[in-house]
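Single-letter residue listing:
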Amino acid sequence: MPDPVDYVARLRAEREDAGREETLRRDRARRRLKRGLAGGAAAAVLVGFAVWLVSSTSGERPANEPFAAGLMPEGTWPDAWPATTNMPFRGSHADDWATDDTGIQVPDVKAVNGIPEEQVFDALNRTKDFLIATNLDPAVLHGGWPAKALNMLDAQDSSRAELIRHLRKPGAQGGDPTEMFTRFDPAELHVVEDGIRVHGRMTFEAGSEPGQLRVRADYTFVYALGAAPGVEPGPWKGVEEAARTVVRRQLVLDLDERAAPGKLVPVEYRRLLGNHDCRTVDGFIHPYFSREVARADRPWPVADPYESGKDIADDRECIVPSRT
């Protein structure tokens, strides 16, 4: 054990040493230099990662190729990257729309054209049921026969027979059942979970004959679709791409409880399809996935499928959507 007197004397001598302050200053400088070098190395790593990430997601690569996607939360992906089945409506105008038939609202009713209020209410609900049967029924969406919808139509009306003919022989003499029914080929596609959005309005007025009611419906349906099992996956591994198709429908239906009790008569029906290969007429809607968009020749005009203020033009059935 050192002698206490010697130890105190040595401490006093070190404190009084003229070079002590210079030694301490150099020691502090060395520690600051080490911290600076460590921080600089970390910053260099972060800068290098940022440069790599930017070069991986932009530059000469297509904007819609999700390189380095796994390094970013999906909610922060650029809108140019395709939607996935995890977040099928990421970045979509329709994201906060109704997810099911609650988007089809029956308006307030009143008696009209000699039709009591309760019959008007029943007629409007039949119209809603028809819209569900033609655009939201899971079996029909996946290529099934729309029996319920057809049974709601007046069997004596020529439009029903025409729709059946188009369903049985799509493409023959210009027949296309997607004019009325939303159907996808189950060998190619499936509607993903939480993959439907609905928005629109319904109105009614007196028909051209006493006791006749005319209903007008203008609804937009947006569908998120994934590839069927065995079909080529999306442009990156581990995540399934969702293609979105927008279907806007304008219907005019007559209801006459005297001439055809409980039945609907289509007077006019128009549709506008965004993201569909309109050159294929086989009874199904065929959306483009991101890889197909990049190489497809799409001769239709570019338009916003959500502009619902105007009626669908007679010569306009397909568009290249500016957004989905």
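Residues numbered from 1 in each chain as written. Predicted model: local features only at pLDDT ≥ 70, side-chain atom pairs only at ≥ 80, totals over all residues. Heavy atoms only, no water.

(A) Spatial organisation of helix H3 (residues 117-135). End to end, H3 covers 27 Å across 19 residues, agreeing with the expected 27 Å (1.5 Å per residue, within 8%). Those residues of H3 that are buried lie in contact with helix H4 (138-141), helix H5 (147-151), strand S2 (189-206), strand S3 (212-227) and strand S4 (241-256). (Helix = DSSP H or I, 4+ residues; strand = E, 2+ residues; numbered from the N terminus. Expected span 1.5 Å × (residues − 1). Contact = heavy atoms within 4.5 Å.)

(B) Here's a closer look at the pattern of salt bridges. In this structure the tally under the stated criterion is 12 salt bridges. Put simply, Arg-323 and Asp-304 hold a salt bridge, and the shortest N to O gap is 2.8 Å. Of this pair, Arg-323 sits in the segment after strand S7 (318-321) while Asp-304 is found in the loop between strand S6 (302-303) and S7, placing the two residues 19 residues apart along the sequence. Salt bridges sharing partners connect three or more residues here, namely Asp-95, Asp-194 and Arg-197. (Salt bridge = Lys/Arg side-chain N within 4 Å of Asp/Glu carboxyl O.)

(C) Inspection of the state of the cysteines at higher detail. This model, assessed by the stated rule, comprises one disulfide. A sulfur-sulfur distance of 1.2 Å marks the disulfide that ties Cys-278 to Cys-318. In this structure the cystine formed by Cys-278 and Cys-318 twists about its S-S bond by roughly -90°; its chirality is therefore left-handed. Placement of the pair is Cys-278 in the loop between strand S5 (265-274) and helix H7 (290-295) and Cys-318 in strand S7, with a sequence separation of 40 residues. For the pair Cys-278 and Cys-318, a shared accessibility class is recorded, and that class is buried. (Disulfide = S-S within 2.5 Å. Buried < 20%, exposed > 50% of the residue type's maximum accessible area, 1.4 Å probe, protein only.)

(D) Fine view of the packing of aromatic side chains. Overall, the coordinates contain four aromatic pairs when judged by the stated rule. When the ring of Trp-97 is compared with that of Tyr-306, the centres are 5.5 Å apart and the planes differ by 90°; the resulting orientation is edge-to-face. Taken together, the residues span a long stretch of sequence, with Trp-97 in the loop between strand S1 (83-84) and H3 and Tyr-306 in the loop between S6 and S7 at a distance of 209 residues. In this structure, Trp-97 and Tyr-306 share a single accessibility class: buried. (Phe/Tyr/Trp six-rings, centres within 6.5 Å; stacked < 30°, edge-to-face > 60°.)

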